[in-house]
Number of protein chains: 2
Amino acid sequence: MKIAVLGGDGYCGWATALYLSARGHSVAIVDSFVRRQWDHELGAQTLTPIRPLSERINLWRELTGNNIETFVGDVTDYEFLASAIQEIEPEAVIHFAEQRSAPYSMIDRRHAVFTQVNNVVGTLNLLFAIRETVPDCHLIKLGTMGEYGTPNIDIEEGYISIEHNGRKDRLPYPKQPGSFYHLSKVHDSYNMMFVCKVWGLRATELNQGVVYGTMTDEASMDEGLINRFDYDEIFGTVLNRLCVQAVIGHPLTIYGKGGQTRGFLDIRDTVRCLEIAVLNPASRGECRVYNQFTEQFRVAELAEMVKTAAAEIGLSVEIDHLTNPRVEAEEHYYNAKHSKLIDLGLEPHYLSRSLLDSLLGVATKYRDRIDPSLILPRVNWRRTSNERRSRTNQLPVEFHTP
Amino acid sequence: MKIAVLGGDGYCGWATALYLSARGHSVAIVDSFVRRQWDHELGAQTLTPIRPLSERINLWRELTGNNIETFVGDVTDYEFLASAIQEIEPEAVIHFAEQRSAPYSMIDRRHAVFTQVNNVVGTLNLLFAIRETVPDCHLIKLGTMGEYGTPNIDIEEGYISIEHNGRKDRLPYPKQPGSFYHLSKVHDSYNMMFVCKVWGLRATELNQGVVYGTMTDEASMDEGLINRFDYDEIFGTVLNRLCVQAVIGHPLTIYGKGGQTRGFLDIRDTVRCLEIAVLNPASRGECRVYNQFTEQFRVAELAEMVKTAAAEIGLSVEIDHLTNPRVEAEEHYYNAKHSKLIDLGLEPHYLSRSLLDSLLGVATKYRDRIDPSLILPRVNWRRTSNERRSRTNQLPVEFHTP
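Small disclaimer: the values here were computed from a predicted structure and weren't measured.

Some remarks on the environment of Arg241 of chain A
Residue and element names in this part refer to chain A.
Now for step 1: Inspection of the secondary structure assignment puts Arg241 in helix α8 (residues 238-248).
Now for step 2: Judged by its relative accessible area of 7%, Arg241 falls in the buried class.
Now for step 3: Remark: the alpha-carbon pair of Arg241 and Gly314, spanning 73 residues in sequence, is separated by 18 Å.
Now for step 4: When neighbours within four sequence positions are excluded, Arg241 is seen to be in contact with Tyr231, Thr253, Tyr255 and Ile375.

Written out as structure tokens, the structure is:
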């Protein structure tokens, strides 16, 4: 199948592009490299030394004989995007090409506005480009479990049947997003639902949980194909961060009580979910929503798991509760449905000791690249402007790499 | 009270500014005149000959002794907006400053993107400006009843209590907006709800129905204060359009079956609702939602009422059903709650014969300014690009003003 992967140079995008290419699909990557730019802006970098896209793709071709085409440009530039889609003629478009960090969107007004404009306009452009050039193409859009927030009722997959005053309807599930980034994803969801209705597009929204892991079969083939591993306060996700902290002897930091419960999944399941969505397209006019995660964990529980795994390889670490920089419930009910992808054949890789060992192994291997000053949260949800202070000044001495 | 009216040169904004000024409030208008610019773009103009804002404000001061300050600039320009808010130091901000036409947002990609960026960024800027300069100020934001769409259950005021699998929560009412414009208002609602929570702002969202009428006590004081009366396919609302059609002997045009039911209100109730909201501020951290309309009508029912009123002043008109240019249910359940503003003291002006006579009177008085070529819909929801054809070419001969 001809598949366009928008944002294919990013974390989920790169793993997905390789996975689909390995399975014989004709894959094209559309990317502007703005994600790499944000690392420069933040003075951060991925723990793993990722190569330039052109180099990675040449290596992939040498190793497998599979070609991945690239289109370099920004999805907010309609002329570029429409011409790329026209040239690729995809049967499926996978849209990862968004600013995906909640803290980044909460830095200040400029970052909030940028995040919403970038994500909303990019997605609007894509919807128009599909309608105008490949109207039968299946759009697979990454949403986030964070769109739902933490309601006191079960979270369904996109829609909920409501009985109210003796009448019934099936309606979009109420959203309670918790950052300007999460809000941008909600805006996208509504825009997408609308165009499926008025233009008859076919779309699948994958509301993804927190992804962990860096190794997929493909990315493991050669060091030169290695994927991102972000651990900084802005783009790092919780499990990566905890493993990096364990390796450098930094206390495992939990924001607030740690009772925050979220859905999680292994990057190997992310790529398989994308394949499942691609192979089972939505109908014309349908805007389907799948919750894409395999397990729920409380953050404090993850910290305990990392602490135990670390201890068994001789790393002794404490757990530290920080004042929560976010505004979120720290103890709450959470029961999110996630059976639709399983019904279509997903066989989850549950979080295991061996996976934690592998993450700790990656962190150990690249330990010299760890910058401890990037780990502690500096973006406070309650402020409208967060100074990103000089990194060396704010770093407690005991956290320096020995 | 010191009140900033953003978009105070527009239809609802002008009526509201005068009404509040007449009641002794200190009113400042913030406007960029982009609404007048859109008329030029579309080759349309208000039926009533409105004067430049500076002239209207001078006249108002001569007539009443009340001064209305003006700040000319765009809310999407943060430096401008923040400095205006800082100088005004408002206790309440009323935010009308958005692109408010569904057909305008559906013309093509450029207009869709413009509408969403303009509205979302303007509102984000305002939220940041309030938080940074006047955090205790009460924000009153115009939403629209169109955010809810036409669900098969009763529409509540902003939130709904849901019982699901044995648990309960009060959640944002599910939205089903029907155009890129309506979507932009939903995006705003979510953004606003979020900042009330994280920054403790106080906000009231008024989900307004379709407003009709042009005369308020204040605007009637002098011809020079007259308000807008839009009847064109892009900015005109249904009742204005029907009255203009009756006056020129144009069939009253209904889109599709005409079973579309919407909430309506008199412009005199709009201004009173705004006053009620201003006088009863939301609490810190509260994002309150009121549905602002007084009566529900089916479109076909309104056409019958206009036809009858017209006949009694000697105007004979037919009713014509056009192929619906929009994608919407043409027969549906509709029961939207709207008691909160009544509980706070709103005494509705229900749609009456005398009001219809007054609208027909305005249309008759300015009959020479009617351009019949502006009335028929040319923006089709099913297309991604609508050519706004040469006006003279597309006009059926029998519709020319005799």
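There's more to say after this.
Some points on the packing of aromatic side chains
Now for step 1: Counted under the stated rule, the structure contains 21 aromatic pairs over all chains.
Now for step 2: Every member of this aromatic cluster is reached through a ring pair, and the members are Trp38, Tyr104, Phe114 and Phe235 of chain A.
Now for step 3: Between Arg56 of chain B and the ring centre of Trp14 of chain B, over which it is positioned, the NZ or CZ distance is 4.1 Å.

So, α8 of chain A
Residue and element names in this part refer to chain A.
Now for step 1: Of all the 11 residues making up α8, 11 are buried; the element is thus mostly covered by neighbouring parts of the structure.
Now for step 2: Every buried residue of α8 is listed here: Val238, Leu239, Asn240, Arg241, Leu242, Cys243, Val244, Gln245, Ala246, Val247 and Ile248.
Now for step 3: Buried positions along α8 lie against β9 (210-212), β10 (252-255), β11 (261-266), α10 (299-312) and α12 (353-365).
Now for step 4: Note on α8: the residue one or two positions beyond its end, Gly249, has a positive phi of about 75°.

Focus: the sheet that holds strand β8 (residues 202-208) of chain B
All names here are of chain B.
Now for step 1: Strand order in the open sheet formed by 7 strands is β3-β2-β1-β4-β5-β8-β12, and the pairing between neighbours is parallel. On the outer flanks of this sheet lie β3 (68-72) and β12 (287-292), each paired with one strand and no other. This sheet shows a mean twist of 20° between the axes of neighbouring strands, independent of strand direction.
Now for step 2: Pairing geometry for strand β4 (residues 92-95) and strand β5 (residues 138-144), over 4 bridges, is parallel. Note on β5: the bridge partner recorded for His95 is Lys141.
Now for step 3: Across the face of the sheet, helix α4 (residues 78-88) comes into contact with β1 (2-6), β2 (26-31), β3 and β4 while running at roughly 160° to β3.
Now for step 4: Against the sheet, helix α9 (residues 267-279) contacts β1, β4, β5, β8 and β12, and its axis sits at roughly 145° relative to β5.

Remarks on the relation of the copies chain A and chain B
Now for step 1: Each copy of the sequence occupies a distinct position, and chain A is placed on chain B by a rotation of 180° and an axial shift of 0.0 Å, giving an RMSD of 0.0 Å. Here the symmetry operator amounts to a two-fold rotation axis.
Now for step 2: Most of the interface of chain A is mirrored in chain B: 100% of its interface residues are interface residues there too.

Re the interface of chain A and chain B
Now for step 1: Of the residues lining the interface, 54 residues belong to chain A; the matching set on chain B comes to 54 residues.
Now for step 2: Buried area between chain A and chain B, both sides added, is near 4900 Å², and the carbon and sulfur share of it is 67%.
Now for step 3: If you look at where chain A meets chain B, you find 0 salt bridges.
Now for step 4: Our enumeration of links across chain A and chain B arrives at 22 residue pairs in polar contact (both at pLDDT 80 or more).
Now for step 5: Listed by contribution, the elements that provide at least two residues to the side of chain A that touches chain B are α6 (109-133), β6 (159-164), β7 (167-172) and α7 (180-199) of chain A.
Now for step 6: With 12 residues, the single largest contributor to the side of chain A that touches chain B is α6 of chain A.
Now for step 7: Looking at the side of chain A that touches chain B residue by residue, the classes come out as 28 nonpolar, 12 polar and 14 charged.

Describing the packing of α10 of chain A against α12 of chain A
All names here are of chain A.
Now for step 1: Running from amino to carboxyl end, α10 crosses α12 at an angle of 70°, the nearest separation of the two axes being 10 Å. Here α12 runs roughly perpendicular to α10, going by the angle between their axes. Residues Met305, Val306, Ala309, Ala310 and Glu312 of α10 form the contact with α12, whose own contacting residues are Arg353, Leu356, Asp357 and Leu360.
Now for step 2: For the contact of α10 with α12, the per-class residue count stands at 6 nonpolar, no polar and 3 charged.

Observations regarding the environment of Val72 of chain A
All names here are of chain A.
Now for step 1: Among the structural elements, Val72 can be located in strand β3 (residues 69-72).
Now for step 2: The class of Val72 is exposed, set by a relative accessible area of 52%.
Now for step 3: Along the sequence, Val72 and Ala84 sit 12 residues apart, while their C-alpha atoms lie 9.1 Å from each other.
Now for step 4: If sequence neighbours within four positions are ignored, Val72 has contacts with Asp31, Phe33 and Phe80.

Topic: the sheet that holds strand β12 (residues 287-292) of chain A
Remark on secondary structure: sheet strands pair via backbone hydrogen bonds, oriented parallel or antiparallel.
Residue and element names in this part refer to chain A.
Now for step 1: Spatially, 7 strands are ordered β3-β2-β1-β4-β5-β8-β12 in an open sheet, and the strand pairing comes out parallel. Each end of this open sheet is capped by a strand with a single partner; those strands are β3 and β12. The mean inter-strand angle of the sheet, taken between neighbouring strand axes irrespective of direction, is 20°.
Now for step 2: Across 4 bridges, strand β2 (residues 26-31) lies against β3 in parallel orientation. Considered in β3, the bridge of Ala28 is made with Glu69.
Now for step 3: Running at roughly 165° to β3, helix α4 (residues 78-88) makes contact with β1 (2-6), β2, β3 and β4 (92-95) of the sheet.
Now for step 4: The strands touched by helix α9 (residues 267-279) are β1, β4, β5 (138-144), β8 (202-208) and β12; relative to β5, the strand with the most contacts, the crossing angle is about 145°.

The rules behind these values
Each chain carries its own residue numbering, running from 1 in the written order of its sequence. Here the convention is simple: chains get letters from A, ligands get numbers from 1, in the order in which they are written. Owing to the predicted nature of the model, reporting of local features is limited to residues with pLDDT of at least 70; listing and counting of side-chain atom pairs is limited to 80 or more, with chain, interface and lining totals taken over all residues. For side-chain calculations, the full set of non-hydrogen atoms in the structure is used, while hydrogens and water are omitted. The secondary structure listing takes helices from DSSP runs of H or I that are at least 4 residues long and strands from runs of E that are at least 2 residues long, numbered from the N terminus. Think of it in three bands: residues with accessible area under 20% of the maximum for their type are buried, residues over 50% are exposed, and the middle band is partly exposed, with areas taken using a 1.4 Å probe on protein chains only. Contacts were defined at the residue level, with two residues in contact if any of their heavy atoms lie within 4.5 Å. Think of it this way: a Phe, Tyr or Trp ring, Trp meaning its six-membered ring, pairs with another when their centres are within 6.5 Å, and the plane angle makes it stacked under 30 degrees, edge-to-face over 60, tilted otherwise. Whether a charge sits over a ring comes down to the Lys NZ or Arg CZ being within 6 Å of the ring centre and within 35 degrees of the ring normal. Strands qualify as paired when DSSP identifies two bridges or more between them. For helices, the fitted line uses only the C-alpha atoms of the stretch in contact; every axis is such a line through C-alpha atoms, and the angle between N-to-C directions lies from 0 to 180 degrees. Alignment of copies: least-squares fit on C-alpha atoms of residues with pLDDT of at least 70 in both copies. Using a 1.4 Å probe, buried area is obtained as the accessible area two parts lose upon being combined, added over both of them. Each reported salt bridge corresponds to a side-chain nitrogen of Lys or Arg within 4 Å of a carboxyl oxygen of Asp or Glu. Within 3.5 Å is the distance limit for a polar contact, defined as a pair of N or O atoms, with the added protein rule that one can donate a hydrogen and the other accept it, and that residues adjacent in sequence qualify only through two side-chain atoms. Each residue gets one label: Ala, Val, Leu, Ile, Met, Phe, Trp, Tyr, Cys and Pro are nonpolar, Asp, Glu, Lys and Arg are charged, and the others, such as Gly, are polar. What sets the label is the angle itself: under 35 degrees gives roughly parallel, over 145 gives roughly antiparallel, 65 to 115 gives roughly perpendicular, and the rest give oblique.

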